[in-house]
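For reference, the chains in residue letters:
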Amino acid sequence: MKRFPSTVDVVVVGSGITGTATAAALAERGASVLVLDKEPGPAREGSGRAQGSLRVQGRHPSEFPLAVEALRLWARAAAEDPAQDAELSMNGNVYLCTREDERPLLLELAAQGRDAGLADVRYLDADGVREAVPAALGPFLGGMWSPYDAQAQPDRGTQMFVRRAERGGVPFGYDTLVTGIRTEAGRVTGVDTNRGSVHAGSVVAAAGVWTAHLLADIDVHLPLMPVCLTELETAPLPPLLRPTVRAFGFGARQRPDGRLVVSAGLGARVTRRASFYDLNGLRLWLPRARTFRKNLRIRVDARQVMRELRHRRCVGTGLVPFPSQEPVADRRSVDEALKRLVQVFPAAGGAMAQRYWAGLVDMTPDGLPVIDHRAGPDGLVVVAGLCGHGLALGPVLGEIAADLALDGTTNRPIAPFSLARFAGEVATPEVMI
């Protein structure tokens with residue numbers, strides 16, 4: 001196991017897309033950086049288990065500027081490293097409308113996109129959609145089309161930013177559990193790990209669903225709720241999809257070798273493995289749980305409950321599994337999604353599922369991320385609660401985190417993502433995920 005430096009300018013906790021992009025951005029600015037992750041390699045949890053859609057439209061208006069810049073950064077990273085095939089393609093996205101009651105939301109999202117400067121986002125009738133996706137020969141009413149969106153293979157895309165960081169001299173410490181953030185006189189001074197301590201003037205907490213546990217020990221309370229989403233991948237098929245496709249009940253993209261990656265789409269059913277942790281921020285979560293109760297499957301996480309009882313607490317670094325267990329896939333949800341996909345794309349009728357997997361998504365009560373450098377001691381930067389948007393936004397989140405860690409400010413618009421917003425009333429998003 002490689003030794004890592006005992007002193008750096010910035011420690012980044014987490015080697016998903018946000019952590020690796022942060023490290024690359026910091027190195028580009030000349031900072032000394034160390035990335036630590038409890039897993040044996042990068043993108044082993046949320047980032048590497050995503051579907052791979054890099055969406056611009058269909059977002060909350062506050063995310064539009066970040067999403068647009070993130071796509072430019074994805075393209076830049078790919079151009080810099082042609083040897084790393086991230087399967088990046090810029091072929092757009094279509095949100096299909098399969099029922100009349102879905103149309104108002106899609107029309108609203110299209111209008112929000114145009115208001116944000118995405119002039120070519122528009123709602124099309126069924127014939128217009130088929131010009132972009134000729135294989136959509138089954139019944140549907142229309143769709144919201146965006147030529148701006150992209151897709152990438154999540155693990156390969158994250159590895160592209162690992163390589164970018166490594167070219168800048170950044171070491172990665174895998175199999176390393178951060179057990180605490182060190183502070184003195186109201187300022188971050190480094191981290192403790194199972195392999196010793198590291199001194200640093202700044203710490204970027206980008207640890208996905210485990211970020212709330214990491215911050216609780218320094219009295220920063222982050223209302224994250226991990227939920228589990230499942231994907232499947234089929235055997236290779238003839239070309240069907242150039243854009244990514246999303247609808248109420250299914251979502252899909254096609255990899256260059258013909259494999260379809262299928263998700264449960266808009267209004268997906270998610271699984272929450274509940275424990276005493278769920279009592280944290282209950283005031284914030286109950287309204288959302290009531291609104292989306294049909295989309296929420298609750299199971300008890302007996303292993304985590306026993307861990308909480310043993311530690312006599314429900315949040316803290318002592319409760320972080322090391323390494324994480326493989327999440328249980330909800331195969332039924334994506335098998336049903338594949339059936340719905342086939343109704344619209346009949347040529348996928350012979351698709352055979354070859355692989356299922358699940359990943360944890362760090363949800364917030366309002367469906368927006370937390371990006372904050374004033375939530376705790378000076379020198380702490382929090383980037384978490386990405387709500388399934390992390391892969392798309394990761395490159396720009398890395399630039400923002402680098403700004404905050406080195407300068408204490410950024411010129412990107414991050415005011416809507418402050419942790420302090422949860423002190424008041426919190427809006428419930430229009431869709432679960």
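This report concerns the structure included in the present document. (Residues numbered from 1 in each chain as written. Predicted model: local features only at pLDDT ≥ 70, side-chain atom pairs only at ≥ 80, totals over all residues. Heavy atoms only, no water.)

Tracing the backbone shows E39 in the loop between β2 (33-36) and β3 (53-54). A polar contact is formed between the side chain of E39 and the backbone nitrogen of S324, at a distance of 3.0 Å. Beyond its immediate sequence surroundings of up to four residues, E39 is in contact with R44, E45, Y174, D175, P323 and S324. (Helix = DSSP H or I, 4+ residues; strand = E, 2+ residues; numbered from the N terminus. Polar contact = N/O pair within 3.5 Å; in protein donor to acceptor, adjacent residues only side chain to side chain. Contact = heavy atoms within 4.5 Å.)

Residues Q304, V305, R307 and E308 constitute the buried set of helix α8 (residues 302-311). For α8, the angular spread of buried residues about the axis comes to 160°, placing them on one side. For α8, exposure combined with an orientation more than 90 degrees from the buried face picks out R303 and R310. Close packing links the buried residues of α8 with α6 (211-216), β16 (270-274) and β17 (296-300). (Buried < 20%, exposed > 50% of the residue type's maximum accessible area, 1.4 Å probe, protein only. Arc of directions from axis to C-beta.)

The subject of this paragraph is the pattern of salt bridges. The full count for this structure, using the stated rule, is 34 salt bridges. Three or more residues are tied together by salt bridges with common partners; here these are E28, R76, E80, D81, R163, R164, R167 and E399. (Salt bridge = Lys/Arg side-chain N within 4 Å of Asp/Glu carboxyl O.)

A few words now on helix α10 (residues 390-407). Helix geometry: α10 is bent most strongly at V396, by close to 40°. With 16 of its 18 residues buried, α10 lies for the most part within the structure. Positive phi shows up at G408, right after α10, with a value of about 75°. (Bend = angle between axes of the 7 residues up to and from the residue.)

Here the focus is the nonpolar core. Membership of the largest hydrophobic core comes to 62 residues, with the highest contact counts inside it found for L26, L54, W74, V170, V204 and I371. Sequence-distant contacts of V170, that is, excluding residues within four places in its chain, are made with A23, A27, V33, V35 and A165. By size, the runner-up hydrophobic cluster in this structure holds 41 residues, among which are V191, A212, W285 and C387. (Core = buried A, V, L, I, M, F, W, Y, C linked by side-chain atoms within 4.5 Å.)

Overall, the coordinates contain 2 aromatic pairs when judged by the stated rule. Centre to centre, the rings of W74 and F161 are 5.4 Å apart; their planes meet at 90°, and the pair counts as edge-to-face. Separated by 87 residues along the polypeptide, W74 in helix α2 (residues 64-80) and F161 in helix α5 (residues 154-167) bring together distant segments of the chain. On the basis of relative accessibility, which here comes to 0%, the residue W74 falls in the buried class. Classification of F161 as buried rests on a relative accessible area of 4%. Its end group placed over the ring of W357, R355 keeps NZ or CZ at 4.0 Å from the ring centre. (Phe/Tyr/Trp six-rings, centres within 6.5 Å; stacked < 30°, edge-to-face > 60°. Lys NZ or Arg CZ within 6 Å of the ring centre and 35° of its normal.)

Residue position: R421 is located in the segment after α10. Within the local environment of R421, its side chain forms a polar contact with the backbone oxygen of S418, the two atoms lying 3.1 Å apart.

Let us now look at the environment of T176. Within the element layout of this structure, T176 appears in the loop between β8 (172-173) and β9 (178-184). Along the chain, T176 and A427 lie 251 residues apart, while their C-alpha atoms are 37 Å from each other. Not counting the four nearest positions on each side in its chain, T176 is found in contact with F4, L36, D37, K38, T193, N194, R195 and F322. A polar side-chain atom of T176 sits 2.8 Å from a polar atom in the side chain of R195.

On to the packing of helix α1 (residues 17-28) against α5. With their axes 8 Å apart at the nearest point, α1 and α5 run at an angle of 25° to one another. The angle between α1 and α5 places the two elements in the roughly parallel class. Note that α1 runs across α5; the crossing there is left-handed. Counted together, I17, T20, A21, A23, A24, A25 and E28 of α1 and G157, T158, F161, V162, R164 and A165 of α5 form the full contact between these two elements. A breakdown of the residues in the contact of α1 with α5 according to their chemical character gives 8 nonpolar, 3 polar and 2 charged. (Axes fitted to C-alpha atoms, helices over the stretch in contact; angles between N-to-C directions. Parallel < 35°, antiparallel > 145°, perpendicular 65-115°, else oblique. Left-handed = near helix turned anticlockwise from the far one by under 90°. Nonpolar A, V, L, I, M, F, W, Y, C, P; charged D, E, K, R; others polar.)

A separate point is unusual backbone geometry. Along the chain, F322 connects to P323 via a cis peptide bond; the corresponding omega equals -5°. Along the chain, P323 turns up in the loop between α8 and α9 (331-344). With phi around 55°, D175 is a residue other than glycine that occupies positive phi space. Tracing the backbone through its elements, the reader meets D175 in the loop between β8 and β9. The exposure class assigned to D175 is partly exposed, which follows from its relative accessible area of 33%. Residue R312 is not a glycine yet carries a positive backbone phi of 60°. Relative to the elements of secondary structure, R312 occurs in the loop between α8 and α9. The exposure class assigned to R312 is exposed, which follows from its relative accessible area of 80%.

Within the fold, G30 resides in the loop between α1 and β2. Separated by 47 residues in sequence, G30 and A77 have C-alpha atoms that sit 18 Å apart.

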